[in-house]
Amino acid sequence: MKIPESEITITSLINLAHEQRIEKPRPHMGASMLGHHCERWLWLSFRWAVIEKFSGRMLRLFRRGQNEEATIISDLRAIGMSINGTQRRVDFGSHVSGSIDGIAKGVPGAQKTEHVLEFKTHLLKSFNDLEKYGVGVSKPQHYTQCQVYMHGTDLKRALYVAVCKNDDRIYTERLEYDKEHAEKAIAKGHRLALTDRLPPPISSDQTWFECKMCAGHDFCHGSKTTKEVNCRTCAHATPLPNSTWHCAKWNDTIPLDAQYTGCESHVLHPDLVPWKRLDGPSDWVAIYEI
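What you are looking at is a predicted structure, and each value in this text was computed from that prediction instead of being measured. (Residues numbered from 1 in each chain as written. Predicted model: local features only at pLDDT ≥ 70, side-chain atom pairs only at ≥ 80, totals over all residues. Heavy atoms only, no water.)

So, about helix H2 (residues 39-46). Along H2, six of the eight residues are buried, which leaves the element largely enclosed by surrounding structure. Of the residues making up H2, those classed as buried are Arg40, Trp41, Leu42, Trp43, Leu44 and Phe46. In the core, the buried residues of H2 are packed alongside strand E1 (29-30), helix H7 (179-194), helix H9 (217-221), strand E9 (237-239) and strand E10 (245-247). (Buried < 20%, exposed > 50% of the residue type's maximum accessible area, 1.4 Å probe, protein only. Helix = DSSP H or I, 4+ residues; strand = E, 2+ residues; numbered from the N terminus. Contact = heavy atoms within 4.5 Å.)

On to the sheet that holds E1. Taking strand neighbours across the sheet as the criterion, the three strands line up as E1-E4-E3 in an open arrangement whose pairing is mixed. Strand pairing shows two members of the sheet lacking a second neighbour, E1 and strand E3 (88-91), which therefore form its edges. Note that E1 and strand E4 (residues 96-100) share two bridges and pair parallel. Along E4, the bridge assignment pairs Met29 with Val96. (Pairing = 2+ DSSP bridges.)

Remark: helix H6 (residues 140-153) packs on H7, axes separated minimally by 8 Å, with the N-to-C direction vectors making an angle of 95°. Our classification of the angle between H6 and H7 gives roughly perpendicular. Here Tyr143, Thr144, Gln147, Val148 and His151 of H6 come into contact with H7, specifically with His181, Ala182, Glu183, Ala185 and Ile186. Split into classes, the residues belonging to the contact of H6 with H7 amount to five nonpolar, four polar and one charged. (Axes fitted to C-alpha atoms, helices over the stretch in contact; angles between N-to-C directions. Parallel < 35°, antiparallel > 145°, perpendicular 65-115°, else oblique. Nonpolar A, V, L, I, M, F, W, Y, C, P; charged D, E, K, R; others polar.)

A cluster of nonpolar residues, Ile8, Leu13 and Leu16, forms a patch on the protein surface that exposes about 290 Å² of accessible area. Locating Ile8 in the fold gives a position in the segment before helix H1 (10-19). For Ile8, a relative accessible area of 59% translates into the label exposed. (Patch = residues over 30% accessible without salt bridge, like charges linked within 9 Å, V, L, I, M, F, W, Y side chains within 5 Å. Areas by Shrake-Rupley, 256 points an atom, 1.4 Å probe, with all protein chains shown as cover. Salt bridge = Lys/Arg side-chain N within 4 Å of Asp/Glu carboxyl O.)

Bringing the state of the cysteines into the picture now. For the coordinates displayed, the defined rule picks out zero disulfides. Here Cys38 is not disulfide-linked; the sulfur of Cys220 is the nearest cysteine sulfur, at 6.2 Å. Residue Cys38 is classed as buried on the basis of its relative accessible area, which comes to 10%. (Disulfide = S-S within 2.5 Å.)

With that settled, the discussion passes to unusual backbone geometry. For Trp48, which is not a glycine, the phi torsion comes out positive at approximately 55°. Inspection of the secondary structure assignment puts Trp48 in the loop between H2 and helix H3 (56-78). On the basis of relative accessibility, which here comes to 1%, the residue Trp48 falls in the buried class. Of note, Asp168 is a non-glycine position whose phi angle comes to about 65°, a positive value. Position of Asp168 among the secondary structure elements: in the loop between strand E7 (157-164) and strand E8 (170-176).

The pairing of strand E2 (residues 82-84) with strand E5 (residues 102-105) spans three bridges and is antiparallel. Of the residues in E5, the one forming a bridge with Ile83 is Ala104. Inspection of the sheet shows E5 paired to strand E6 (residues 115-122) by three bridges, in the antiparallel sense. If you follow Ala104 over to E6, its bridge partner there is His115.

What follows is about the confidence of the model for the chain. Taken over all residues, the pLDDT of the chain has a mean of 92, while the share at 70 or more is 93%. Considering only residues more than four positions removed or in separate chains, one finds that residues 281-290, a stretch of pLDDT under 50, has 26 contacts. (pLDDT = per-residue confidence, 0-100.)

The subject of this paragraph is the sheet that holds strand E11 (residues 252-253). The sheet built from three strands is open, its strands ordered E9-E10-E11 with antiparallel pairing. Since the sheet does not close on itself, it has two edges, and those belong to E9 and E11, each with one partner. In this sheet, E10 lies alongside E9 in antiparallel orientation, the contact comprising three bridges. Pairing of Pro239 across the sheet is with Trp245, part of E10.

Okay, structure coming up:
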């Protein structure tokens, strides 16, 4: 007879340990997010109004993807490619930035051309779709990320390397720089980072497939209220083009560490409550109409 397992298992304890390692939301609008299909989600996440929570299992999956980067670099070097610039910061101003996985030279078929590197891991279904349709069709967010990084590094080619977590298959694709696509994505990031107003949702239908699994589902289709209290959900705070935040209450720049906690004068941003906003005489003052 099998001994019944305790509800507190080794697996559950490992997952809990990961969940308890609280990571602060990123301070910038990441280049990896610029191709996201929903502008409202980008605005909410940048404003720390909806902070996505992940299970321990998912956090371990993310760790596996991060750990895979060193393995991919080792494999590329093993075939004679030189890799440098790993985790190099690329800043596009107005709160938009990101880090590239590296820059490669000696890519087979284009030995003299430097390539931006982008590494991803996929589960089986996602990997099969990628093999069938390519990065641009299958993973438009990854495609946009590559375009933005090419723009930021003044390189004209990118090498996308994907690994299947199920069977360790490798997929590679060389991408050509599309200036218009990159500039449009960066401009979108600037616009969303600096706008005071909440963008419209991608759909008003709560059952829409892109909304159902979104961390912002309750905000858009339920409570319409943020659960987060920090400087970025406060009506006094304004993002500035120099990538800082200004507080109207204290008439000063808000240090990053202080943004995470806010202060006793916190007032919810008028677009983060479920009442109609009637703009007042200033950029942030509003009257709530019930």
